[in-house]
Amino acid sequence: QVQLAESGGGSVHAGGSLRLSCAASGYTRSPSCMGWFRQAPGKEREGIASIYIRGGSTSYADSVKGRFTISLDNVKNTLYLQMNSLKPEDTAMYYCAAGWSTYSDYRCEIYAFGPNVWGQGTQVTVSS
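Thresholds, definitions, all that
- Residues numbered from 1 in each chain as written.
- Predicted model: local features only at pLDDT ≥ 70, side-chain atom pairs only at ≥ 80, totals over all residues.
- Heavy atoms only, no water.
- Salt bridge = Lys/Arg side-chain N within 4 Å of Asp/Glu carboxyl O.
- Helix = DSSP H or I, 4+ residues; strand = E, 2+ residues; numbered from the N terminus.
- Buried < 20%, exposed > 50% of the residue type's maximum accessible area, 1.4 Å probe, protein only.
- Contact = heavy atoms within 4.5 Å.
- Pairing = 2+ DSSP bridges.
- Axes fitted to C-alpha atoms, helices over the stretch in contact; angles between N-to-C directions.

**Q** Describe the pattern of salt bridges, with residues and values.
**A** All chains considered together, the criterion is met by four salt bridges. Between Arg38 and Asp90 there is a salt bridge; the shortest N-O distance is 2.9 Å. Here Arg38, found in strand β4 (residues 33-39), pairs with Asp90, found in the loop between β8 (78-83) and β9 (92-99); they are 52 residues apart in sequence, far enough to count as distant. Across this residue pair, the class does not change: Arg38 and Asp90 are buried. In this structure, the salt-bridge partner of Arg107 is Glu109, at a minimum N-O distance of 2.8 Å.

Have a look at this one:
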């Protein structure tokens, strides 16, 4: 079965940077979309960034736009999230996810992305 494994989380001061990685394995067909989500204690899970596997177009939540960058290395089968100018409100568990679609008109934008497989999560803590 497909598995996603996140890494790269940690603790940083406000204004710092982190790069999260998500290694994919066990797949027989490439996903249509991949993305990053986060969840802070007491809050709903929030989609923050997504990418079309074919073409590489990206989508971002307003809360991270301009600070975070999502990218995909197809050779390494690894998804990345570069996080700059981190704020205390970015503190959360971060999850990568992948979705497959058989429809030709599928959408990967964060507001339309319905993942099928999730990683286990990696903790990001930003102190003031």
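**Q** Lay out the environment of Gly8 with the relevant residues and their values.
**A** Within the secondary structure, Gly8 sits in the loop between β1 (3-7) and β2 (10-13). In contact with Gly8, other than residues within four places in its own chain, are Leu18, Arg19, Leu20 and Thr122.

**Q** Describe the pairing of β1, with residues and values.
**A** Burial along β1 is one-sided: Leu4 and Glu6 are buried, while Gln3, Ala5 and Ser7, pointing the other way, are not. Summarising the sheet, β1 and strand β3 (residues 18-25) pair through five bridges and their orientation is antiparallel. Within β3, the residue paired with Leu4 across the bridge is Ala24.

**Q** An account of the sheet that holds β3 is requested, with residue identities and associated values reported.
**A** Overall, antiparallel pairing links the four strands, which are arranged β1-β3-β8-β7 in an open sheet. Two strands bound the open sheet, and with one partner strand each, they are β1 and β7 (68-73). The sheet shows a mean angle of 15° between the axes of neighbouring strands, direction not considered. Of the strand pairs in this sheet, β7 and β8 are connected by six bridges, and their pairing is antiparallel. Bridged to Ser71 within β8 is Tyr80.

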